[in-house]
Amino acid sequence: MKPWILIAFSIVFTCGGCAWESKLFPNNSCVFKNETKEKSGVRFRLPDFSNVGYGEGKRGIPPRSSIVVAKSISPTPGDNTARIQQALDEVGLQPGADTKAILLKKGVYPVSDEIFIPSRVVLRGEGPGNTKILMTRKDNRKRVVLAAFRSYSRSGNPRSTNWFKRPIDGKYYPLLHDIKTGETVIALKDVSEFNMNQSVVVKNTVTPDFIKAYHQGNLSYQKPDGTARAIWGGERFSIRYIRKVVAIDIERGTITIDAPVRHTLKVRDKSYVMHLPDSEVGREIGIEDLSVGYVIPEDNAKYRDVKSRGQDSVTHKATAIYFGNVIGGWVRNVRSFANSGRDKEDLNLVSNGVRIQSSRFITLEDVVMRNPLNIGGGGNGYLFHPSSANDILITQCRAYNGRHNFSFGFVNSGVVISEFQSFNSALAVDFHTGLNHQNLLERIDFFYEKPTWNSNVLEMYNRQWKSSGAGLTGIDNVFFGINIFGPDGLKVCLSDLSSTIGKNYAIGVQNLSHTNGPAGRVCNLPPATG
């Protein structure tokens with residue numbers, strides 16, 4: 001089956017004063033309106049992206065003037081970690097529900113460990129060129145500079161992010177019936193233990209039937225060395241939706257959630273609802289008007305090679321900014337910087353830029369990440385990286401010289417990347433791992449001085465055994481206005497999908513190639529081996 005390539009369609013709208021507006025999906029009073037369309041005799045409906053980003057798509061990031069500065073500090077010689085953390089903790093404990101800001105006055109703030117930003121606190125500088133946070137620690141393996149609520153999951157870290165793979169309180173509430181894509185009402189055996197406006201996670205379980213449905217009956221793929229690797233191994237590959245309960249019907253035994261599920265969750269796959277306690281979630285967290293950089297380890301130069309084992313470096317998965325288990329937050333007007341003062345030419349980061357993990361309603365606006373040291377294998381050099389995230393907006397951002405300038409991690413849904421510029425990504429930006437679905441990439445510009453190794457600038461396909469059994473990495477995603485500026489031969493490589501699995505939509509995509517049939521050879525991808 002050929003991919004769904006939609007050349008033109010019409011949407012009738014009246015624009016309201018909304019948080020953001022897609023050129024593909026204009027708003028009507030802040031609610032996306034799109035009627036069912038027909039192309040070549042086939043009826044289809046594009047996904048709804050009206051609720052993404054901070055404020056659930058209804059309002060933008062708060063004006064700076066609306067957030068009271070509760071405390072200001074200036075840099076001091078030596079390590080500033082404890083001073084910044086103490087100020088954040090003090091403001092986070094102040095009474096009241098209003099969000100407050102910590103202002104970092106102009107200067108360079110050397111830090112040696114992770115800084116955690118609690119709920120309802122904004123870490124604000126006096127501009128990226130003025131307020132600079134410099135990580136001086138050499139061994140940053142799986143460590144973060146600025147951590148919104150939680151940090152990277154690692155052994156011994158008491159503030160590791162919860163991936164919501166299993167119930168936190170041990171209580172499973174199994175589905176009585178399948179929930180179909182677009183539905184919000186969930187039938188459960190017992191709804192008496194749910195409350196209005198509480199947060200929940202709705203998810204499936206990675207069963208053999210779930211895996212085989214998307215991999216032609218396979219549960220594993222053969223690696224080049226002849227061994228087999230399982231596909232979608234473990235619950236990090238499960239579909240997870242962070243949602244809020246907005247109605248409870250005791251008589252009918254149902255709860256209603258605030259937004260539809262974006263993929264059918266089946267009883268067959270042991271799907272269930274779990275409580276998400278307030279203690280496990282950060283809210284209303286902002287980072288703005290500052291820059292983040294590192295003292296670069298001089299003995300790690302070999303990891304500037306994409307073929308190197310990045311996981312062996314002391315910089316493995318080091319991340320500048322990390323949102324973990326946050327519902328409602330933002331990063332605005334933030335840059336990476338080079339300690340040398342030559343931001344454009346020299347190394348800024350030691351590995352990753354911004355990661356959003358197991359979070360919802362986050363906006364990244366006017367964020368620039370560039371020039372990481374470690375672009376080796378194992379999860380390094382990812383400059384923008386949503387993972388297991390819902391309803392995220394990344395807009396007006398730029399990335400330079402990463403391994404993957406942006407990459408979709410484990411099973412994202414409702415992530416929008418809009419008005420993004422990518423410069424010289426060493427490998428294609430990609431849908432990397434798991435069944436990413438109903439995401440939107442629109443108005444993306446790729447700039448290259450030379451081709452990638454296989455001439456692909458954007459990839460989404462069945463990655464089979466790669467990246468710990470990544471398997472099929474995307475269905476029901478929308479690609480609109482993808483432009484390529486660089487040498488001839490650069491292209492976008494997207495999966496063809498059968499009508500029984502799902503669809504992908506490409507509208508105005510330059511140099512589109514497909515992974516199935518003869519065109520698959522054009523993408524320079526390995527053949528499937530069952």
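A.B. asks: Give a description of the overall build of the protein chain that names residues and reports values.
C.D. replies: If you tally the helices and strands in the protein chain, you get four helices and 39 strands. Within the protein chain, buried positions represent 59% of all 530 residues. Sequence-distant contacts, at least 24 apart, represent 72% of the contacts inside the protein chain between residues at least 6 apart. Here the protein chain displays about 20700 Å² of accessible surface, and carbon together with sulfur accounts for 49% of that area.

A.B. asks: Describe the packing of aromatic side chains, listing the residues and the values that go with them.
C.D. replies: Working definition: an aromatic ring pair is given by the centre-to-centre distance plus the angle between the planes. Inspection of every chain in the model, using the stated rule, returns 17 aromatic pairs. Ring geometry for F237 against F410: centres 5.1 Å apart, planes inclined by 80°, an arrangement best described as edge-to-face. In this pair, F237 is assigned in the loop between strand 17 (228–230) and strand 18 (240–249) and F410 in the loop between strand 29 (404–408) and strand 30 (413–423), connecting sequence segments 173 residues apart. The burial state of F237 is the same as that of F410; both residues are buried.

A.B. asks: Any chance you could break down the confidence of the model for the protein chain for me, citing the residues and the numbers?
C.D. replies: When pLDDT is averaged along the protein chain, the result is 89, and 88% of the positions lie at 70 or above. Note on residues 517–522: pLDDT is under 50 here. Beyond four places in sequence and across chains, it has six contacts. Of the regions scoring below 50 in pLDDT, residues 526–530 engages in ten contacts with residues more than four places distant in sequence or in other chains.

A.B. asks: Please give an account of the pattern of salt bridges that cites residues and values.
C.D. replies: Side chains that differ in sign of charge can pair as their charged atoms come close. Counted according to the given criterion, the structure contains 23 salt bridges. Each member of the salt-bridge network shares a partner with another, and the members are R243, D258, R262, R360 and D391.

A.B. asks: So, the environment of R304: which residues are in play, and what are the values?
C.D. replies: Residue placement: R304 occurs in the loop between strand 21 (282–294) and strand 22 (319–324). A sequence separation of 68 residues divides R304 from P372, and the C-alpha atoms of the two residues are 8.1 Å apart.

A.B. asks: Go over the nonpolar core with me, naming the residues and quoting the values.
C.D. replies: One finds L146, I321, L364, F384 and L441 to be the most contacted residues of the largest nonpolar core, which totals 68 residues. Sequence-distant contacts of L364, defined by excluding residues within four places in its chain, comprise V331, V354, I356, F384, L393, I394, T395 and C397. Residues I179, V200, V202 and I257 belong to the second largest nonpolar core, which totals 32 residues.

A.B. asks: Tell me about the side chain of N80, and name the residues and values.
C.D. replies: For N80, the location among the structural elements is in the loop between strand 6 (68–73) and helix 1 (81–92). Only 2.9 Å separates the side chain of N80 from the backbone oxygen of T76, close enough to count as a polar contact. A polar side-chain atom of N80 sits 2.9 Å from a polar atom in the side chain of R83.

A.B. asks: So what's going on with the sheet that holds strand 19 (residues 254–257)? Residues and values would help.
C.D. replies: The antiparallel open sheet is built from six strands, whose spatial order is 13-20-15-18-19-14. Unpaired on one side and paired on the other, strand 13 (173–174) and strand 14 (185–187) mark the two borders of the sheet. Taken together, the two bridges between strand 13 and strand 20 (residues 272–275) define a ladder with antiparallel strand orientation. By the bridge assignment for strand 20, P174 is matched with Y272.

A.B. asks: Give me the lowdown on the pairing of strand 11 (residues 131–135), citing residues and values where you can.
C.D. replies: Counting buried positions along strand 11 gives five out of five residues, so the element sits mostly inside the fold. Across the two faces of strand 11 the burial is the same, with T131, I133 and M135 and K132 and L134 all buried. Bridge analysis of strand 8 (residues 107–111) against strand 11 gives five bridges, and the strand direction is parallel. Directly across from Y109, in strand 11, lies its bridge partner I133. Relative to strand 21, strand 11 runs parallel, the two sharing four bridges. Residue pairing across strands places I133 opposite V292, the latter belonging to strand 21.

A.B. asks: Run through the side chain of N462, naming residues and quoting values.
C.D. replies: Considering the arrangement of structural elements, one finds N462 in the loop between strand 34 (456–460) and helix 3 (466–469). Here Y221 takes part through its side chain, which lies 2.9 Å from a polar atom of the side chain of N462. At 3.4 Å, the side chain of N462 and the backbone nitrogen of L472 are in polar contact. Among residues more than four places away in sequence, those in contact with N462 are H215, Q216, Y221, G471, L472 and S495.

About the thresholds
Residues numbered from 1 in each chain as written. Predicted model: local features only at pLDDT ≥ 70, side-chain atom pairs only at ≥ 80, totals over all residues. Heavy atoms only, no water. Helix = DSSP H or I, 4+ residues; strand = E, 2+ residues; numbered from the N terminus. Buried < 20%, exposed > 50% of the residue type's maximum accessible area, 1.4 Å probe, protein only. Contact = heavy atoms within 4.5 Å. Areas by Shrake-Rupley, 256 points an atom, 1.4 Å probe, with all protein chains shown as cover. Phe/Tyr/Trp six-rings, centres within 6.5 Å; stacked < 30°, edge-to-face > 60°. pLDDT = per-residue confidence, 0-100. Salt bridge = Lys/Arg side-chain N within 4 Å of Asp/Glu carboxyl O. Core = buried A, V, L, I, M, F, W, Y, C linked by side-chain atoms within 4.5 Å. Polar contact = N/O pair within 3.5 Å; in protein donor to acceptor, adjacent residues only side chain to side chain. Pairing = 2+ DSSP bridges.

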